[in-house]
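If you want the building blocks of each chain, they are given just below.
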Amino acid sequence: MVEALSVLVLTGTGLVAGVLFAVAVSVMPALIAMTPERYVSTHVLLGRRYDRIMPFIVTGSTAVDVGLAIRTSGGPRVLFAVAALCMAGVAVVSQTRNVPINRVVKRTRPEDLGPGWRDPRPAWRGWHLVRTCLAIGGCALTAAAVVAS
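Values in this document were obtained by computation on a predicted structure and should not be read as measured data.

## Some points on the environment of Pro29
Mapped onto the secondary structure, Pro29 falls in helix α1 (residues 2-33). Taking the C-alpha atoms as reference points, Pro29 and Arg125, separated by 96 residues in sequence, lie 9.3 Å from one another.

This is the structure:
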């Protein structure tokens, strides 16, 4: 059972860290380089799939890390617990920072952008980097816990 959960949590944390890292190094620079009108249209298109599946993967990975922290002892227990905290941090940052920005952008019509438009990209990128670091930490700690257990 622990082996199956270990594979599951490594897959989940790895997916989250990988997707967020890819967005940070490739998608976000492209979005920043776009005109505001194009950015709004593209942001809406990009979020259609991520917004539906990422919360489940993050929450599931957090739950499995917690479960493994309960089932193991010693160093692995601490590593799984801290990994769970990192993944919970990803969820908190996502839901309280990035998702509200996403909602505002999705309600914005590109043709309504004017000189007073407040560009959300710098704030979104900053919070995205925070959750990316948390996800990478959660994945690395989970991997260390699996190896140590």
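Back to the text.
## A short note on the layout of surface pockets
Considered as a void within the structure, the largest pocket measures approximately 500 Å³ in volume. Lining the largest pocket are 26 residues, and of these Tyr50, Asp51, Asn102, Trp124 and Arg131 sit closest to its centre. Elements with a minimum of two residues in the lining of the largest pocket: α1, α2 (36-71), α3 (74-107) and α4 (121-148). It is α2 that contributes the most residues to the lining of the largest pocket, nine residues altogether. Looking at the lining of the largest pocket residue by residue, the class counts come to 15 nonpolar, seven polar and four charged. As a volume, the second largest pocket reaches approximately 170 Å³. Lining of the second largest pocket is provided by Tyr39, Val40, Ile101, Val104, Val105, Thr108, Trp117, Arg118, Asp119, Pro120 and Ala123. Among the elements of the structure, α2 and α3 are those that each provide at least two residues to the lining of the second largest pocket.

## Observations regarding the packing of aromatic side chains
Scanning the model with the defined rule gives one aromatic pair in all. Both rings, one in Tyr39 and one in Trp117, keep their centres 6.4 Å apart while their planes meet at 50°; by these two values the pair is tilted. Linking Tyr39 in helix α2 with Trp117 in the loop between α3 and α4, this pair joins segments that are 78 residues apart in sequence. Cation over ring: Arg97 sits above Trp127, and NZ or CZ is 5.0 Å from the ring centre.

## Topic: the pattern of salt bridges
Going through the model one piece at a time under the given rule, you end up with three salt bridges. We note a salt bridge from Arg109 to Asp112, for which the minimum N-O separation is 2.9 Å. The partner of Asp119 in a salt bridge is Arg121, and the shortest N-O contact between them spans 2.8 Å. Classification of Arg121 by relative accessible area gives buried; the value is 6%.

So, how was this worked out
- Residues numbered from 1 in each chain as written.
- Predicted model: local features only at pLDDT ≥ 70, side-chain atom pairs only at ≥ 80, totals over all residues.
- Heavy atoms only, no water.
- Helix = DSSP H or I, 4+ residues; strand = E, 2+ residues; numbered from the N terminus.
- 1 Å grid on protein atoms, 1.4 Å probe; cavity = no way out; pocket = protein on both sides within 12 Å on 5 of 7 lines; lining within 4 Å.
- Points joined across faces, edges and corners; volume = space filled by probe spheres on them.
- Nonpolar A, V, L, I, M, F, W, Y, C, P; charged D, E, K, R; others polar.
- Phe/Tyr/Trp six-rings, centres within 6.5 Å; stacked < 30°, edge-to-face > 60°.
- Lys NZ or Arg CZ within 6 Å of the ring centre and 35° of its normal.
- Salt bridge = Lys/Arg side-chain N within 4 Å of Asp/Glu carboxyl O.
- Buried < 20%, exposed > 50% of the residue type's maximum accessible area, 1.4 Å probe, protein only.

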